Amino acid sequence: MSSSSETFEEYKAVIIGTGQAGKPLATALANAGWKTAVVESGLVGGSCINVGCTPTKTMVASARVAYLARRAAEYGVNTGDVSVDMARVRERKQNIVEMFRGGSQRGLERTDNLELIFGKASFVDTLAVEVQLNSGGTRRLSAEKIFINTGASPVVPAIPGLDEVPFLDSSTIMEMDTLPEHLLVIGGGY
């Protein structure tokens, strides 16, 4: 550590981030008897549960149902006019995301030998991090093993004039209650 006068809470493992790898790794290590801390700066579940796989697949499922309903007559099924209520699609998506996120968080909180800490971790030494707690204050943690599982976030490309117009990213587009009249997509991924 940096100096012998500094006090660190000792763990066998510290995992930074609760995404796809963080939660199962933390649970496995804790169940193996390791004193484990998981540090999460935002929402439990990482990119996949909160802004990636889960919400996009949920919204795609709604789109698929609308597509099939519009083609129902081809299969001898009369349904009438089909419309999509984007606010309801978004609400359904959010309910599923919150259910998955809540289940993940409860699973971590109920695991023996495991502490879930909400804050932003920064390395202060090879085997130590300082956590700026979301609730205020700091904690200093040391561990034999520190795993980085920090996920992803959208990047706004450096396109002249982009900052002067309203734009959406892969997260904010899923919060719309209406379909845009026009849409230009730059890039890929979620």
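In what follows, the accompanying structure is described. (Residues numbered from 1 in each chain as written. Predicted model: local features only at pLDDT ≥ 70, side-chain atom pairs only at ≥ 80, totals over all residues. Heavy atoms only, no water.)

## Some remarks on helix α4 (residues 86-109)
Relative to the 34 Å expected for 24 residues at 1.5 Å per residue, α4 spans 34 Å between its end C-alpha atoms, a close match to the ideal helical length. Three or more residues of α4 are buried, namely M86, V89, K93, I96, V97, R101, G102, S104 and L108. For α4, the secondary structure elements touched by its buried residues are α1 (22-31), α2 (46-51), α3 (53-70) and β3 (114-125). Capping the start of α4 is the job of one residue whose side-chain oxygen sits 3.2 Å from the backbone nitrogen of A87: D85. (Helix = DSSP H or I, 4+ residues; strand = E, 2+ residues; numbered from the N terminus. Expected span 1.5 Å × (residues − 1). Buried < 20%, exposed > 50% of the residue type's maximum accessible area, 1.4 Å probe, protein only. Contact = heavy atoms within 4.5 Å. Polar contact = N/O pair within 3.5 Å; in protein donor to acceptor, adjacent residues only side chain to side chain.)

## Notes on the layout of surface pockets
Gaps between atoms show up when a probe of the same size as a water molecule is rolled over them. Here the largest pocket is characterised by a volume of approximately 1200 Å³. Around the largest pocket, the lining is made up of 36 residues, and of these D169, S170, I173, L183 and V185 lie nearest the centre. Listing elements by their share of the lining of the largest pocket, those giving two or more residues are α3 and α4. Per-element tally for the lining of the largest pocket: the top contributor is α3, with 8 residues. Along the walls of the second largest pocket sit 26 residues, with E40, G46, S47, T150 and G151 positioned nearest its centre. (1 Å grid on protein atoms, 1.4 Å probe; cavity = no way out; pocket = protein on both sides within 12 Å on 5 of 7 lines; lining within 4 Å. Points joined across faces, edges and corners; volume = space filled by probe spheres on them.)

## Topic: the nonpolar core
By size, the foremost hydrophobic cluster in this structure holds 12 residues: Y11, V14, I16, A37, V39, I117, A121, V129, V131, L141, A143 and I146. Residue assignment for this core shows that the elements contributing at least two residues are β1 (9-16), β2 (36-40), β3, β4 (128-133) and β5 (138-148). When sequence neighbours within four positions are dropped, the list of residues in contact with Y11 reads K35, T36, A37, E115, I117, R139, L141, S142, A143 and E144. In this structure, A13, A30, V38 and L108 belong to the second largest nonpolar core, which totals 10 residues. (Core = buried A, V, L, I, M, F, W, Y, C linked by side-chain atoms within 4.5 Å.)

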